[in-house]
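# A look at the structure
The chain contents come next:
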Amino acid sequence: MRTYALVGKPLSHSFSQKYFREKFASFGIEADYLLKELSTLCHIREMIEQMPSLQGFNVTMPYKKEILNYLDSTDNVAKQCGNVNCVKIIRTNNNIHLRGYNTDLSGFSIALKERFDLSSIDRAVILGGGSVSQTIAFALRQMGIEYKIATRQTPPDDSFISYENLNSSLDDYQLIINATPCGMHPIENQTPPIDCNKLQSRHKVFDLIYNPEKTLLLQTAMQKGCEITNGYRMLVLQAEQSWQIWQNDKED
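What you see is a predicted model, and the numbers here were worked out from it, not measured in a lab. (Residues numbered from 1 in each chain as written. Predicted model: local features only at pLDDT ≥ 70, side-chain atom pairs only at ≥ 80, totals over all residues. Heavy atoms only, no water.)

## Side note on the sheet that holds strand β9 (residues 160-162)
Strand order in the open sheet formed by six strands is β9-β8-β7-β10-β11-β12, and the pairing between neighbours is parallel. Only two strands of the sheet have a single partner each, and these edge strands are β9 and β12 (227-229). Here the average twist between neighbouring strands, direction ignored, is 25°. Relative to β12, strand β11 (residues 204-207) runs parallel, the two being bridged by three bridges. Following the sheet pairing, Lys204 is matched in β12 by Glu227. (Pairing = 2+ DSSP bridges. Helix = DSSP H or I, 4+ residues; strand = E, 2+ residues; numbered from the N terminus. Axes fitted to C-alpha atoms, helices over the stretch in contact; angles between N-to-C directions.)

Rendered as structure tokens:
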């Protein structure tokens, strides 16, 4: 039986296994999807060698950037975004070639366009400076939307903004994207360090978290009259693209 997996830590919040197992059952596909919670990536090659049925895997936090150190090649999107969330395992004789892809980019872009009217969005702020923020920033550049990345650290350049400065200028941004783990199971009682009292109905809030369905940030934004969406549609879109990559005999 073919197997696929999700690699990351923690994985208790993930819906990926449920999603793929239901997909396999619905279409009569003889395959399984496993959760591989790893404390380090240093033995991932050995893990793959010991799992000859493993055809590919998704990568989630905190390894989307670090996984690049263990790959043999990446597609152009992954190169441009600087991180990978999908890996295809190409087995030839006794050789294993790991090729990385980024399916988060298209997943986010499509989900954003489906949910919000982009003609009303000139500026966006991305909460959090992790690896997925680079993908979101790249997507916004493709759409011609100006953005800042909010960080707890001293802003390294003009593309970043401190949370203190953000909270004093939140009205300048029509779109707020949460790319932090704040609010994710099992820390549902946390919100990113923005002043939610300054949210207005003109704001659109996209929380990449999908478990819980409505984070504390989204609950507060909804009470303020904001348009909101979570990351579930993005999850589905990137998962489906991952599946197409794994089934495609060609590299790209």
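## Examining unusual backbone geometry
In this chain, Lys9 is followed by Pro10 through a cis amide linkage whose omega measures 0°. Take Pro10: it is sitting in the loop between β1 (2-8) and α1 (16-27). Cis geometry marks the peptide bond from Met61 to Pro62; its omega dihedral reads 5°. Along the chain, Pro62 turns up in the loop between β3 (54-59) and β4 (73-74). Notably, Asn93 is not glycine yet its phi reads approximately 55°, a positive angle. The class for Asn93 is exposed, based on a relative accessible area of 76%. (Buried < 20%, exposed > 50% of the residue type's maximum accessible area, 1.4 Å probe, protein only.)

## Let's talk about the side chain of Thr60
Topologically, Thr60 is positioned in the loop between β3 and β4. The residues touching Thr60, leaving out its near neighbours within four places in the chain, are Leu6, Val7, Gly8 and Leu11. (Contact = heavy atoms within 4.5 Å.)

## A closer look at the packing of helix α4 (residues 104-115) against helix α8 (residues 232-247)
Where α4 meets α8, the axes come as close as 8 Å, and the angle between the chain directions of the two elements is 140°. The angle between α4 and α8 falls in the class oblique. Here α4 and α8 pass one another in a crossing that is right-handed. Of α8, the residues touching α4 (which contributes Asp104, Ser106, Gly107, Phe108, Ile110, Ala111 and Glu114) are Arg233, Met234, Leu237, Gln238 and Gln241. Of the residues assigned to the contact of α4 with α8, the class counts are five nonpolar, four polar and three charged. (Parallel < 35°, antiparallel > 145°, perpendicular 65-115°, else oblique. Left-handed = near helix turned anticlockwise from the far one by under 90°. Nonpolar A, V, L, I, M, F, W, Y, C, P; charged D, E, K, R; others polar.)

## Observations regarding the environment of Cys196
Here Cys196 shows up in the loop between β10 (175-178) and β11. Taking the C-alpha atoms as reference, Cys196 lies 9.6 Å from Leu170; in sequence the two are 26 residues apart. Sequence-distant contacts of Cys196, that is, excluding residues within four places in its chain, are made with Leu217, Thr220 and Lys224.

## A look at the nonpolar core
Counting residues in hydrophobic clusters, the biggest one holds 25 residues, and the most contacted among them are Phe108, Ile126, Leu140, Leu175, Ile177, Phe206 and Leu208. Looking at this core, the elements with two or more residues in it are α4, β7 (123-127), α5 (131-143), β8 (146-151), β10 and α8. Considering each element in turn, this core owes the most residues, six residues, to α5. Non-local contacts of Ile126, meaning those with residues more than four positions away in its chain, are made with Ser133, Ile136, Ala137, Leu140, Tyr147, Lys148, Ile149, Ala150, Ile177 and Ala179. The next biggest cluster of nonpolar side chains, apart from the first, holds 19 residues, and it includes Ile48, Leu54, Tyr63 and Ile67. (Core = buried A, V, L, I, M, F, W, Y, C linked by side-chain atoms within 4.5 Å.)

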